[in-house]
Amino acid sequence: MLLNETAEQIRSMEIRGAGRIARSAVAALRDHAAGLDTSDTASFLRSMKEAADLLVATRPTAVSLPNAVQAVMRSLEGVKGVEEGRAAIKAASDSFILSSRHAVEWIGEIGARHISDGDVILTHCNSEAALSCILTAHREGKAIEVFATEVRPRNQGLLTIQALNDAGIPTNFIVDSAVRSYINDVDLVITGADAITVNGAVVNKIGTAQIALTAHEARTPMLVAAETYKFAPRTILGERIAIEERETAEVLDPAIAAGLPHVRVRNPAFDVTPGRYVDLIVTEIGAIPPAMAYMIIRDHLGWGIGEFHKAFEIDERIQE
Ligand SMILES: O=P(O)(O)OC[C@H]1O[C@H](OP(=O)(O)O)[C@H](O)[C@@H]1O
């Protein structure tokens, strides 16, 4: 697919969900590299960098996007010609897409072990990783029931209930504000994540933090299903995850809003759940407590404090 088309589809949320966004972005980079009409290495590299920047700028919160784009762009380090560059990008993109799909399957396997026969599960938004846990438990023959929220304003809950219905899982569809009313009927909350910080805070669809607090108060365990590429290395340096504020027209009809000059409509797409309200983060390499987020960033993603010093040349500046 054309680069600009993919970028627009991510921006408009035609392509959405942190994992899908990451896979589509690297596929777009691969196709862009394949189609670039140049034999000049410098202009090839420049155009790839522009493409990477365009894709990363489409949505600010899901860290899977810059992590995936960086992983693929890193394959260009040291390439000596355009054909070598195209081949490197293709290999890195294909490998990312494959491992991303495997990760979702592994998360399903591991997450399903935390689901018991007879469990009632509550999920919020539409997460491939969270659904993988639920669908795997169902395939294993566990009799489960699900509460799925509506997810205003974009109603991603409709996608979730479609998938659950297709699988034949008994499902209750509720408005977002009904979570407190049903939490005592729920055994386990499972959501996805768009980003996870070094201190184990989970950035996910708006409403997740309220659900986590409600679950905590009711002593209902909360699981977050997330691939390791949703952990945000730069939060080690104190970089904050930007919370995307989307168009207010998603919340209130502009014609109505125009008649309410004293009303400011707000539309943050995500919120932050502190790690202390999360029991486990299920990744493809195992289920970890949120307090172990730094180990994923350091040992699995390879971003120790030292790497940042190298990457940002902090060492040099310190010596000056
Ligand atoms: O990667 P998977 O697990 O599919 O989704 C992770 C998260 O991405 C989605 O964001 P949006 O709907 O793109 O704003 C939701 O917040 C969901 O929980």
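Scoring rules and cut-offs
Residues numbered from 1 in each chain as written. Predicted model: local features only at pLDDT ≥ 70, side-chain atom pairs only at ≥ 80, totals over all residues. Heavy atoms only, no water. Helix = DSSP H or I, 4+ residues; strand = E, 2+ residues; numbered from the N terminus. Rg over C-alpha atoms; globule rule 2.2 N^0.38 Å. Buried < 20%, exposed > 50% of the residue type's maximum accessible area, 1.4 Å probe, protein only. Contact = heavy atoms within 4.5 Å. Areas by Shrake-Rupley, 256 points an atom, 1.4 Å probe, with all protein chains shown as cover. Lys, Arg positive; Asp, Glu negative; His and termini not counted. Charge placed at Lys NZ, Arg CZ, Asp CG, Glu CD. Pairing = 2+ DSSP bridges. Axes fitted to C-alpha atoms, helices over the stretch in contact; angles between N-to-C directions. Near = heavy atom within 4 Å. Polar contact = N/O pair within 3.5 Å; in protein donor to acceptor, adjacent residues only side chain to side chain. Nonpolar A, V, L, I, M, F, W, Y, C, P; charged D, E, K, R; others polar. UniProt positions renumbered as here; feature names shortened; annotations may be inferred.

This part takes up the overall build of the chain. Looking only at helices and strands, the chain features 13 helices and ten strands. Relative to its length of 320 residues, the chain is compact, with a C-alpha radius of gyration of 21 Å against a globular reference of 20 Å. With the C-alpha coordinates aligned to their principal axes, the bounding extent of the chain is approximately 60 × 50 × 45 Å. Within the span of the chain, comprising 320 residues, buried residues form 51% of the whole. When contacts within the chain are restricted to residue pairs at least 6 apart in sequence, long-range pairs at least 24 apart make up 76% of them. For the chain, the accessible area works out to roughly 15,200 Å², and carbon and sulfur atoms hold 52% of it. On the chain, the mean spot of the 31 positive side-chain charges and the mean spot of the 42 negative ones are 2 Å from each other.

Time to look at the sheet that holds strand E7 (residues 222-225). Across the sheet, seven strands lie side by side as E3-E2-E1-E4-E7-E9-E10; this open sheet has mixed pairing. The two strands at the open ends of the sheet, each matched to only one other strand, are strand E3 (171-174) and strand E10 (286-288). Ignoring which end each strand starts from, the neighbouring axes of this sheet average 25 degrees apart. The strands that helix H9 (residues 208-217) touches are strand E1 (120-123), strand E2 (145-149), strand E4 (188-191) and E7; relative to E4, the one it contacts most, it runs at about 160 degrees.

With that settled, the discussion passes to the site of the ligand. Near the ligand there are 19 residues, and of these Arg16, Asp194, Asn204, Lys205 and Lys230 occur at the shortest range. At a separation of 2.8 Å, an oxygen atom of the ligand approaches a polar backbone atom of Gly17. Between the ligand and the protein, one listed contact pairs an oxygen atom with a backbone N or O atom of Gly19 at 2.7 Å. Taken together, the elements giving at least two residues each to the shell around the ligand come down to helix H2 (18-35), helix H6 (128-139) and strand E6 (202-205). Considering only residue class, the shell around the ligand consists of six nonpolar, seven polar and six charged.

A few words on the environment of Glu244. Turning to its location among the elements, Glu244 is positioned in the loop between E7 and helix H10 (254-258). For Glu244, a relative accessible area of 7% puts it in the buried group. Setting aside its immediate chain neighbours within four residues, Glu244 contacts Arg59, Pro60, Thr61, Asn267, Pro268, Ala269 and Phe270. Among the polar contacts made by the side chain of Glu244, one reaches the side chain of Arg59 at a distance of 2.9 Å.

Under the UniProt annotation, the feature "active site" (unreviewed entry) is placed at Cys125 and Asp194. A maximum C-alpha distance of 11.3 Å among these annotated residues, which run over 70 residues, shows that they cluster at one spot. Mapped onto the fold, Cys125 is located in the loop between E1 and H6. Judged by its relative accessible area of 7%, Cys125 is buried. What Cys125 contacts, discounting residues up to four positions off in sequence, is Arg16, Thr149, Val151, Gln156, Thr160 and Lys205. Mapped onto the fold, Asp194 is located in the loop between E4 and strand E5 (195-196). Since its relative accessible area comes to 9%, Asp194 is described here as buried. Residues within four places of Asp194 in sequence aside, it is in contact with Ala18, Thr61, Ala62, Val63, Ser64, Val203, Asn204, Lys205, Lys230 and Phe270.

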